[in-house]
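# Examining the three-dimensional arrangement
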Amino acid sequence: MTKLETAPFDPRFPNQNVTRYCYQSYVDFHRCQKKRGTNYEPCNYFKKVFNSMCPNAWVEKWNDQIDSGTFPGRI
Amino acid sequence: MSTWANLGLQDSSSPLMEQLIFFHDHALMILVMITVLVGYLMFTLFFNKYVNRYLLHGQTIEIIWTILPAIILLFIAFPSLRLLYLLDEINEPSVTLKAIGHQWYWSYEYSDFNNVEFDSYMIPTNELPVDGFRLLDVDNRVVLPMNSQIRILVTAADVIHSWTVPALGVKVDGTPGRLNQTNFLINRPGLFYGQCSEICGANHSFMPIVIESIPVNYFIKWISKNNS
Ligand SMILES: [Cu+2]
C-alpha cells in the first residue's frame, strides 16, 4: 500500500518561489553520492525530495548535463 | 463551477476560499454603507435652499471626516493582511502535484510515490459528449484526494501561464524556469473547473483545468493503477 508522503516544508525555502528547493536537493543528492558512494541509503532522501519538487523535464536535462560533463553546479 | 447568470463568486470548496468570500462580503458591506451615506449627503446638499454666506472652513468637521475614513480603512486593511498571510501559509502537505503550462494545454506530474504524468487537453466542441461542458471539459482530469493538504507547483515550458481554480481560491502564475508553490485543501468530493488566467497566445481560452476530488483511498488506488 502506498503511503501519502511528500517533500516536507523546508524553512530554507519559505517563499512561494521554491525553484531553489528543487535545485538544491538535486545538487545535494549528487554531492552526497560523490562523498558516500552510490550505495549509501540516506542519500536517497534528497532523491525523493527532488523527484517530488522538480519537473521531470528539468531532472532529465540536468542528468544529460551531468553525463556530458556540462552541469554548471558544483558537485 | 460557474453556471448560467452567475455574477458573484463561485461556491467555495476549500477553507481559504471560505475566508476569501467572508472578506469580500465584509469589504462590500463597508462599501455599500459609505456609498449610501455619501449619496444621502450629496442628495440633501444639492436639494435644499439653505445658504451660508460666511462658510469658509469648519475645523471640527474636517478633523472628523479625515480621521473617520482612516479608521474605516483599518477595518478593511487588517482582515486583508490576515488573509494575505493565511493564504501564504504552507501546512505540512501530503501530496505534491506539478502543473506545467504549455502552449496550449496543461501537463501534470505526480512523483511522490511512483511517477505518474499526463497531458490534459480540452475536448473540442465537435467531440464533446451531450453532457459535457463546452470549453471546460478535458480528456485527462487532475485527480486529487479530498481533505488532504495538497502542494501544487506551477511552472511553464514556453510562455507565462496561470493555473486557476476559483472554487478553491487558487491562482498561481506558471513562469518558465521558476517553480511557484501554493497550498490548498479540498473539503468535498466533486469536479472543479478553472481556466488559464494569463494571456498566453492564440489558444489561451482553450486550456481549461479540471480537478476531480475523490476520497483518499480511491486516490491511492488511482495513483497505483496509473503507474507509468
Ligand atoms: Cu495559458
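Once a new chain begins, its residue numbering starts again from 1 and follows that chain's sequence as written. Here chains are named by letter from A upward and ligands by number from 1 upward, in the order in which they appear as written. With the structure being a predicted model, the display of local features is reserved for residues of pLDDT at least 70 and the display and counting of side-chain atom pairs for 80 or more, all residues being used for whole-chain, interface and lining totals. No hydrogens and no water enter the side-chain calculation; it runs on all heavy atoms of the structure.

### What to know about the UniProt feature "domain: Cytochrome oxidase subunit II transmembrane region profile" (unreviewed entry) in chain B
- UniProt positions are given in the numbering used here, feature names are shortened, and annotations may be inferred rather than shown by experiment. When the UniProt feature table is mapped onto this chain numbering, "domain: Cytochrome oxidase subunit II transmembrane region profile" (unreviewed entry) sits at residues 1–91 of chain B.
- Numbering of helices and strands runs from the N terminus, with a helix taken as a DSSP run of H or I at least four residues long and a strand as a DSSP run of E at least two residues long. Overall, residues 1–91 of chain B shows 68% helix and 0% strand. The separation of its end C-alpha atoms is 26 Å.

### What to know about the nonpolar core
- Definition used in this section: a nonpolar core is a set of buried Ala, Val, Leu, Ile, Met, Phe, Trp, Tyr and Cys residues joined via side-chain atoms within 4.5 Å. With a 1.4 Å probe rolled over the protein chains alone, any residue whose accessible area is under 20% of its type maximum counts as buried; one over 50% counts as exposed, and the rest are partly exposed. Trp106(B), Tyr108(B), Tyr110(B), Leu144(B), Trp163(B), Phe184(B) and Ile211(B) are the most contacted members of the largest nonpolar core, which has 32 residues in total.
- Apart from the residues within four sequence positions on either side, Phe184(B) is in contact with Leu144(B), Ser148(B), Gln149(B), Ile150(B), Ile152(B), Trp163(B), Leu168(B), Val170(B) and Ile211(B).
- Within the second largest apolar cluster, 20 residues are counted, among which are Phe13(A), Phe29(A), Trp58(A) and Leu179(B). Only heavy atoms enter the contact rule, under which two residues are in contact if any of them lie within 4.5 Å.

### Digging into the sheet that holds strand E1 (residues 95–102) of chain B
- Read across the sheet, five strands follow the order E3-E2-E1-E5-E8 (chain B) without closing on themselves; strand pairing throughout is mixed. Every interior strand has two partners, whereas the edge strands, strand E3 (116–120) and strand E8 (180–185) of chain B, have only one. The sheet shows a mean angle of 25 degrees between the axes of neighbouring strands, taken without regard to direction.
- The pairing criterion for strands is at least two bridges between them, as found by DSSP. Pairing of strand E2 (residues 105–110) of chain B with E3(B), which is carried by five bridges, proceeds in the antiparallel orientation. Note on E3(B): the bridge partner recorded for Trp106(B) is Ser120(B).
- Note on geometry: axes are C-alpha line fits, over the in-contact stretch for helices, and angles between N-to-C directions span 0 to 180 degrees. Sheet strands in contact with helix H2 (residues 44–53) of chain A are E1, strand E5 (149–156) and E8 of chain B, and its direction is about 45 degrees off that of E1(B).

### Focus on the coordination of the copper ion
Residues and elements named next belong to chain B.
- At 2.0 to 2.6 Å from the copper ion lie its protein donor atoms, namely His-161 (ND1), Cys-196 (SG), Cys-200 (SG) and Met-207 (SD).
- In this description, a donor is an N, O or S atom within 2.8 Å of the metal centre, a cutoff extended to 3.2 Å for sodium, potassium and calcium. Water is not part of the atom list, which can make sites seem incomplete. Read from N- to C-terminus, the donor residues coordinating the copper ion fall into the pattern H-x34-C-x3-C-x6-M.
- Cys-200 gets classed as buried once you look at its relative accessible area, which sits at 4%.

### With respect to the pairing of E2(B)
Residue and element names in this part refer to chain B.
- With respect to burial, E2 is a largely interior element, six of its six residues being buried.
- Residues Tyr-105, Ser-107 and Glu-109 line one face of E2 and the alternating positions Trp-106, Tyr-108 and Tyr-110 line the opposite face, and both faces are buried.
- Relative to E2, E1 is paired through five bridges, and the arrangement is antiparallel. Along E2, the bridge assignment pairs Lys-98 with Glu-109.
- The hairpin formed by E1 and E2 contains two residues between the paired strands.
- Hairpin connection of E2 to E3: five residues between the antiparallel strands.

### Observations concerning the pairing of strand E4 (residues 142–145) of chain B
Residue and element names in this part refer to chain B.
- Of the two faces of E4, the one carrying Val-142 and Leu-144 and the one carrying Val-143 and Pro-145 are both buried.
- Bridge analysis of E4 against strand E10 (residues 208–214) gives four bridges, and the strand direction is parallel. Paired with Val-142 across the bridge in E10 is Ile-211.

### Points about the pattern of salt bridges
Residues and elements named next belong to chain A.
- Basic side-chain nitrogens of Lys or Arg form a salt bridge, by our definition, when they fall within 4 Å of a carboxyl oxygen of Asp or Glu. Under the defined criterion, the tally for this structure stands at five salt bridges over all chains.
- Of the charged contacts, one joins Asp-28 and Arg-31 as a salt bridge, the two residues approaching to 4.0 Å between their closest N and O atoms. One end of the pair, Asp-28, and the other, Arg-31, are both in helix H1 (residues 19–36), three residues apart, so they sit about a helical turn from each other.
- Its relative accessible area of 16% is what places Asp-28 among the buried residues.

### Section: the sheet that holds E4(B)
Residue and element names in this part refer to chain B.
- Ordered in space as E4-E10-E9, the three strands form an open sheet in which the pairing is mixed. Looking at which strands have only one partner, the edges of the open sheet turn out to be E4 and strand E9 (190–195). Neighbour-to-neighbour, the strand axes of this sheet turn through a mean angle of 25 degrees, independent of strand direction.

### Quick look at a nonpolar patch on the surface
Residue and element names in this part refer to chain B.
- On the surface, a cluster of nonpolar side chains totalling about 1100 Å² of accessible area is made up of Ile-34, Leu-37, Val-38, Tyr-40, Leu-41, Met-42, Phe-43, Leu-45, Phe-46 and Phe-47.
- Note on placement: Leu-41 falls in helix H1 (residues 15–46).
- Residue class for Leu-41 comes out partly exposed when judged on its relative accessible area of 42%. To count toward a patch, a residue needs a relative accessible area above 30% and no salt bridge. Like charges then connect within 9 Å, nonpolar side chains (Val, Leu, Ile, Met, Phe, Trp, Tyr) within 5 Å. Each accessible area value is a Shrake-Rupley result obtained with a 1.4 Å probe; residue values ignore everything except the protein chains displayed when judging cover.

### A look at the state of the cysteines
Residue and element names in this part refer to chain A.
- The criterion for a disulfide is a pair of cysteine sulfur atoms lying within 2.5 Å. Using the criterion set out here, one finds two disulfides over all chains in the structure.
- With its sulfur 2.1 Å from that of its partner, Cys-22 forms a disulfide with Cys-54. As the torsion about the S-S bond is roughly 115 degrees, the Cys-22-Cys-54 disulfide counts as right-handed. With Cys-22 in helix H1 and Cys-54 in the loop between H2 and helix H3 (56–67), this residue pair connects regions lying 32 residues apart in the sequence.
- Along chain A, the cysteines that take part in disulfide bonds pair up as 1-4, 2-3, counted in sequence order.

### Quick notes on the packing of H1(A) against H3(A)
Residues and elements named next belong to chain A.
- Packing of H1 against H3 brings their axes to within 12 Å, and their N-to-C directions diverge by 35 degrees. Note that H1 runs across H3; the crossing there is right-handed. Taken together, the residues of H3 that come into contact with H1 (itself represented by Thr-19, Cys-22, Tyr-23, Tyr-26 and His-30) are Trp-58, Val-59, Trp-62, Asn-63 and Ile-66.
- We call Asp, Glu, Lys and Arg charged. Ala, Val, Leu, Ile, Met, Phe, Trp, Tyr, Cys and Pro are nonpolar, and the rest, Gly among them, are polar. Here the contact of H1 with H3 is composed, by residue class, of seven nonpolar, three polar and no charged. Helix crossings get a hand from a simple test, with the near helix turned counterclockwise from the far one by less than a right angle marking a left-handed crossing and a clockwise turn marking a right-handed one.

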